[in-house]
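An overview of the molecular structure
Take a look at the letters that make up each chain.
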Amino acid sequence: WDLETNKEVANLRGHTVNCCAVYLGGKRAISGSRDRTLKVWDLEKNEEVATLRGHMNAVQCCEVYLDGKRAISGQGVGSCGEQIPNLT
């Protein structure tokens with residue numbers, strides 16, 4: 001979304017999103033879904049870069065480290081800590 005015009009800039013399709021985080025100065029995003037995956041997005045090209053698998057349940061939270069190289073995600077109560085390398 002463009003917050004100045006209130007218009008949609010892009011619609012990234014791939015899964016039903018429960019959480020998302022933007023990083024690398026707005027160039028990339030990561031999203032977590034009920035389908036138990038995380039997806040990495042290139043926001044400049046509006047395309048999926050990678051699908052990350054490993055959760056046994058829906059991904060409920062995700063965040064990227066400040067260096068943009070790793071993320072942490074959680075799949076429910078008491079479950080958080082999957083670190084994913086090479087997000088850049």
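Remember, it's a predicted structure, so these values are computed and weren't measured experimentally. (Residues numbered from 1 in each chain as written. Predicted model: local features only at pLDDT ≥ 70, side-chain atom pairs only at ≥ 80, totals over all residues. Heavy atoms only, no water.)

Moving on, we get to the side chain of serine 73. The topology assignment puts serine 73 in strand β6 (residues 71-76). Residue classification places serine 73 among the buried positions, given a relative accessible area of 1%. (Helix = DSSP H or I, 4+ residues; strand = E, 2+ residues; numbered from the N terminus. Buried < 20%, exposed > 50% of the residue type's maximum accessible area, 1.4 Å probe, protein only.)

Here we take up the confidence of the model for the protein. Low pLDDT marks regions whose predicted coordinates should not be analysed in detail. Across the protein, the average pLDDT comes to 87, with 86% of residues at 70 or higher. The least confident element of the protein, judged by mean pLDDT, is strand β7 (residues 79-84) at 55; the most confident is strand β3 (residues 37-42) at 95. (pLDDT = per-residue confidence, 0-100.)

On to unusual backbone geometry, then. Phi at asparagine 6 is positive, roughly 60°, even though this residue is not glycine. Inspection of the secondary structure assignment puts asparagine 6 in the segment before β1 (17-23).

Turning our eyes to something else, we now look at the pattern of salt bridges. Enumeration over the complete set of coordinates arrives at one salt bridge. Among the ionic pairs, glutamate 48 bridges to lysine 39, the shortest N-O distance being 3.3 Å. (Salt bridge = Lys/Arg side-chain N within 4 Å of Asp/Glu carboxyl O.)

Now for the side chain of glutamine 75. Here glutamine 75 lies in strand β6. Within polar-contact distance, the side chain of glutamine 75 engages the side chain of histidine 55 at 2.9 Å. A distance of 3.2 Å separates a polar side-chain atom of glutamine 75 from the backbone nitrogen of asparagine 57. Contact partners of glutamine 75, with chain neighbours within four places excluded, come to His55, Met56, Asn57, Ala58, Val59 and Gln60. (Polar contact = N/O pair within 3.5 Å; in protein donor to acceptor, adjacent residues only side chain to side chain. Contact = heavy atoms within 4.5 Å.)

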